[in-house]
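Take a look at the letters that make up each chain.
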Amino acid sequence: MGQDIVVNGLINGSIYALLAVGFSLIFGVARLVNIAHTALYMTAAYLIYIGLNHWGISSLLAVLSSILFTVALGLVCYQLFIKPIREHEAAVLIATIALAMIIQEIFLLGFGGHYLGVPPLATGYFMVGSIKVANQHLLALGVAVLALVATWLLLFKTRIGLAIRCTAQDREVANLMGINVNREIMVALGISVGMAAVAGAIVAPLSVIDPHMWLHPLIMMLAIVVLGGLGSIKGSFIASYILGFAEAVVVFVVPMGAFLKGSVALSIMILVLLIRPEGLFGVAFEEER
Amino acid sequence: MGLIWFYIRKTFTLFRNEVLVLPSRTAVLVFVVVLLLIPVFTHDPYLLRILILTSVFAIFAASWDLLSGFTGQINFGHALFFGVAAYTSGLINVNAKLPHLLTIPLGAVAGVLTGLIVGIPCLRLKGTYLALTTLAFPIILMGLVFAIPEVTGGELGVSGLDRLSASRIHDYYITVILMLVLTSIMWKITDSNTGIILHAIREDEVAVRAGGINTTRYKLLAFCLGGLFAGIAGGLYAHIMRTVGPSTLEVSLSFQVIIWSVFGGIVSIYGPVAGVFILFPLAEFLRLLWPEGRMLIYAILVLLVLLYMPEGLIPWIRDRIEKECPRCKVRSVATRKTCRVCTASLD
């Protein structure tokens, strides 16, 4: 049981980290609450399934093309539907919800409500002491950590990362300093959707694919982002593992845990917020008036 | 006799000069009259059922507007009030056998208490934090519903509630008249001094606090009012469906109410009501047309309408058929060249 908790906690935590860091990034840069974020994650998983079963391309190619296509889809949707109504917060919110619903319904129409599966990229397992670790889990963890490190390097070690962080801090001043704010938003959105797509690619072989798989991660992701502090990348990262492990512990330890996993994670979020209203590592955005 | 004639003439003049002079007011009048006369012409149970549910959701959407539209405290978990009230009414009705005249108000009281319980901790939070935290509460409660199926019935929910009334026509009149009365009350609240303060809180909370107003108290009041009206809607829904399931707490219901409201146009009360009366029957109509793809068409329609009318459908239409006088801020028909009150030029 202990090993299950550790493995599941790490995997869940990493997937949530990929989702939440991406969401946090685009919220920070564009103040965009992107409800469709996890719908794009689902899109990546479905595209891998389509690539493998309908086009018969190799696994690696399917994964890469699905990630690229998802990013392109995210950028096109932003340009077409979100950008024209950027000034109207409520409308943007509904637009992203509607986009998520459209994506869900398209897959529901195309594939029905069936549970679909994708064969794992790596098979077999090895032993660490007495603990059995599946190669696929290790691969998933490796890819997740790699993607997170790559994002961190991009954000904190390159000039474009600096520009993105500037835009997140103060869009107007960044604009005055000669940063092309619209381009930075597109780049940040590309990174954000890309991370969601990577998360989808990791999840595809580990669990089932169905048209409603985006809802639970969406709720967990929102909880994580609030818990870690909105717009704080570090906070999102740490909170992901807190809630990922909390979920794993509840599922394996508490009776009826599968029903309560969401409740417990969200209760943790609310408790923390009562003590620290700005989240664990909240960046205090100056009041935008 | 002369006095009676005087009053009749006065009422008629008032009616002509205050109601018929503006297309939006005439539209509301026609809407109310048509809604009240529908059962005279048709007894089609399917149509009446759709209109009954539409009225219930209209109360629900208007309560969201009262809480979130007016104060700007976006509530992502409005289904919480609806679900709590529906479950309260259902459980009391089934277990204690109280009549619905008592259970629906008790459900509304439960809604108010929920508003307090959620509001007190949440009002330390602002903006997006608040929105995303409120999303959590119905999901936590849903987990509990599934975890203790002995009390709540788990996935199947509570069933076997009393009917609202003996016949569907009665049901229809009860819900429609309640809807008209409650939305009028909500509209009056938003038009009062309290409503103006709620408006001001959305525009600039710091300025309101600087004006010596306890904004937290007003925001809590908004939460309670939202809970009250959503609670009435929830209790009604429980007795109309005669069963209460976890669907009343679902995230999709919380999202749905936001879609209805924003589609109709927030900060107006009549906007969300119109939104529900357009979108809910539309969804049912699409179910007949193409059952598998109805949500797809629905979502695409919402997206496209918002793309061209980000303020919402009703404010967009109103701005086309009416103009606001630049001098005295009174609205006139768009066809007029001059203001109907102060005769200033309208262009």
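Since this is a predicted model, take the numbers as computed values, not measurements.

Conventions adopted
- Counting restarts for each chain, with residues numbered from 1 along the sequence as it is written.
- Numbering of ligands from 1 and lettering of chains from A proceed in the order in which they are written.
- Owing to the predicted nature of the model, reporting of local features is limited to residues with pLDDT of at least 70; listing and counting of side-chain atom pairs is limited to 80 or more, with chain, interface and lining totals taken over all residues.
- As used throughout, domain bounds are those supplied by an automatic or database domain assignment.
- Throughout, a residue-residue contact means that the two C-beta atoms, derived from backbone geometry, are no farther apart than 7 Å.
- Ten residues, namely Ala, Val, Leu, Ile, Met, Phe, Trp, Tyr, Cys and Pro, are considered nonpolar, four, namely Asp, Glu, Lys and Arg, are considered charged, and the remaining ones, Gly among them, are considered polar.
- Only DSSP runs of H or I covering at least 4 residues are called helices, and only runs of E covering at least 2 are called strands; the numbering of each starts at the N terminus.
- What a helix should span is 1.5 Å times the count of its residues minus one.
- To sort residues by exposure, count the other C-beta atoms lying within 10 Å of each residue's C-beta; 20 or more gives buried, 12 or fewer gives exposed, and values between give partly exposed, all with C-beta atoms placed from the backbone.
- Bend is computed residue by residue as the angle between axes fitted to the seven residues ending at the residue and the seven residues starting at it.
- Any set of buried Ala, Val, Leu, Ile, Met, Phe, Trp, Tyr and Cys residues joined through C-beta atoms within 7 Å is what this text calls a nonpolar core.

Q: Could you give me a rundown of unusual backbone geometry, with the residues and numbers involved?
A: Even without being a glycine, B:Val267 presents a positive backbone phi close to 60°. Even without a glycine there, the phi angle at B:Lys329 is positive, about 65°.

Q: Can you explain the domain arrangement of chain B? Please cite residues and give values.
A: Residue and element names in this part refer to chain B. The domain architecture assigned to chain B consists of domain 1 (1-41), domain 2 (44-277) and domain 3 (312-347). For domain 1 versus domain 2, the separation of C-alpha centres amounts to 31 Å. Contacts between the two partners involve 5 residues from domain 1, matched on the other side by 6 residues from domain 2. Of the residues assigned to the side of domain 1 that touches domain 2, the class counts are 5 nonpolar, no polar and no charged.

Q: Provide a residue-level description of helix H5 (residues 135-157) of chain A, including the pertinent values.
A: Residues and elements named next belong to chain A. With 23 residues, H5 ought to run about 33 Å at 1.5 Å a step, and its terminal C-alpha atoms sit 32 Å apart, in line with that. Turning to H5, its buried residues are Ala140, Ala144, Ala147 and Thr151. Along its buried surface, H5 packs onto helix H1 (2-30) and helix H8 (181-206).

Q: Please set out the interface of chain B and chain A residue by residue, giving values where relevant.
A: Residue-level contacts link 35 residues of chain B with 39 residues of chain A. When contributions to the side of chain B that touches chain A are tallied by element, the ones reaching two or more residues are helix H6 (127-147), helix H12 (251-264) and helix H14 (294-308) of chain B. Here the side of chain B that touches chain A takes 12 residues from H6(B), the largest share from any one element.

Q: Give me helix H3 (residues 45-71) of chain B: which residues, what numbers.
A: All names here are of chain B. The end-to-end C-alpha distance of H3 is 39 Å, a good match for the 39 Å that 27 residues give at a rise of 1.5 Å each. Approximately 35° is the largest bend angle found in H3, and it occurs at Asp65. Of all 27 residues making up H3, 21 are buried, and the element is well covered by its neighbours. One or two residues past the end of H3 sits Gly72, with phi positive at roughly 75°.

Q: Requested: an account of the nonpolar core, with residues and values cited.
A: Membership of the largest hydrophobic core comes to 193 residues, with the highest contact counts inside it found for A:Ile94, A:Leu99, A:Ala223 and B:Phe229. Among the elements that take part in this core, H1(A) stands out by supplying 15 residues, more than any other. Setting aside residues no more than four positions away along its own chain, A:Ala223 makes contact with A:Leu243, A:Ala265, A:Leu266, A:Met269 and B:Ala136.

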